[in-house]
Amino acid sequence: MMAVSGINVKPGIGAGGGQHMGGDGGGPQGNDPNHPDWPPGFSRDDAIEPKKYKIGMWLGIISVAMLFVALTSAYIIRQIDKDSGGLAKDWFPLQIPSALWITTGVILISSITFEFARRALKKNQYEQFKNWLVITTALGAIFLIGQVIAWRQLAGQGIYLSSHPHSSFFYILSGLHAVHLIGGVMALSYVTLAALKLRITERKRNAVEVTSLYWHFMDGLWIYLFVLLFFF
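Residues numbered from 1 in each chain as written. Predicted model: local features only at pLDDT ≥ 70, side-chain atom pairs only at ≥ 80, totals over all residues. Heavy atoms only, no water.

J.: An account of the packing of aromatic side chains is requested, with residue identities and associated values reported.
T.: Enumeration over the complete set of coordinates arrives at 11 aromatic pairs. Between Tyr-75 and Trp-91, the aromatic rings sit 5.1 Å apart at their centres with planes inclined by 75°, giving edge-to-face as the arrangement. With Tyr-75 in helix 2 (residues 51-79) and Trp-91 in the loop between helix 2 and helix 3 (98-122), this residue pair connects regions lying 16 residues apart in the sequence. On the basis of relative accessible area, Trp-91 is assigned to the buried category, the value being 7%. (Phe/Tyr/Trp six-rings, centres within 6.5 Å; stacked < 30°, edge-to-face > 60°. Helix = DSSP H or I, 4+ residues; strand = E, 2+ residues; numbered from the N terminus. Buried < 20%, exposed > 50% of the residue type's maximum accessible area, 1.4 Å probe, protein only.)

J.: Requested: an account of the pattern of salt bridges, with residues and values cited.
T.: All chains considered together, the criterion is met by five salt bridges. The shortest N-O distance in the salt bridge between Arg-119 and Glu-115 comes to 3.3 Å. Pair noted here: Arg-119 and Glu-115 are both in helix 3, with a separation of four residues, about one helical turn. Note that Lys-130 and Glu-127 form a salt bridge whose closest N and O atoms lie 3.4 Å from each other. With Lys-130 and Glu-127 both in helix 4 (residues 126-156) and three residues apart, this pair spans about one turn of that helix. You can call Lys-130 buried: its relative accessible area is 18%. By sharing partners, the salt bridges in this structure join Glu-115, Arg-118, Arg-119 and Glu-209 into a single network. (Salt bridge = Lys/Arg side-chain N within 4 Å of Asp/Glu carboxyl O.)

J.: Which residues make up unusual backbone geometry, and what values do they have?
T.: Positive phi values are uncommon outside glycine, yet Asn-124 reaches one of about 60°. Within the fold, Asn-124 resides in the loop between helix 3 and helix 4. We classify Asn-124 as buried; its relative accessible area is 17%.

Geometric descriptors of this kind do not, in isolation, establish any biological role.
In structure tokens, the structure reads:
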């Protein structure tokens with residue numbers, strides 16, 4: 001490690017020990033004349049510690065978590081009858097759409113494949129990294145399609161957003177989760193395209209790291225919502 005203009009840098013880590021691929025670092029390509037020991041394509045932007053990206057992602061995750069905590073509080077309070085302490089009279093159970101079992105399995109598997117991709121990148125196994133990343137992105141898209149099918153299955157039962165409070169919470173919570181997951185799929189698509197073009201700069205590596213944090217969070221969040229909506 002050495003310090004440049006107050007920024008901690010890791011010389012020689014441009015692509016995991018010198019195998020730098022591509023040059024999308026956001027700065028001039030080739031060695032910096034002021035830092036001839038940097039590998040080709042390694043820019044000042046690449047030298048910035050990835051901590052700031054992770055901190056930003058954690059802040060984003062905390063804000064999303066706070067939103068769902070607030071909605072969970074409203075969910076619990078709404079289902080309880082104030083007088084009797086039991087379930088409210090207008091609170092009806094929901095039958096789990098069969099598609100949700102499949103999408104829950106899909107998103108769990110996607111977390112595993114993303115972890116395989118992340119570990120392959122750390123070992124500079126680019127072919128495996130690319131394949132696992134493509135599979136993860138496809139699973140994310142399948143999950144979203146499955147959620148739409150689940151909503152259609154509920155609608156087929158005559159249960160809509162306004163049918164009763166329980167159904168309203170289901171559509172709102174699952175819809176908000178899907179919207180946030182779309183952001184994850186977009187981030188995955190970004191790094192997947194970079195992987196397919198073999199443009200895995202240090203910045204892209206940071207993108208993989210922070211996207212994996214977000215993806216695992218969205219996975220855990222869906223499991224939490226699934227249990228909350230149908231078993232609590």
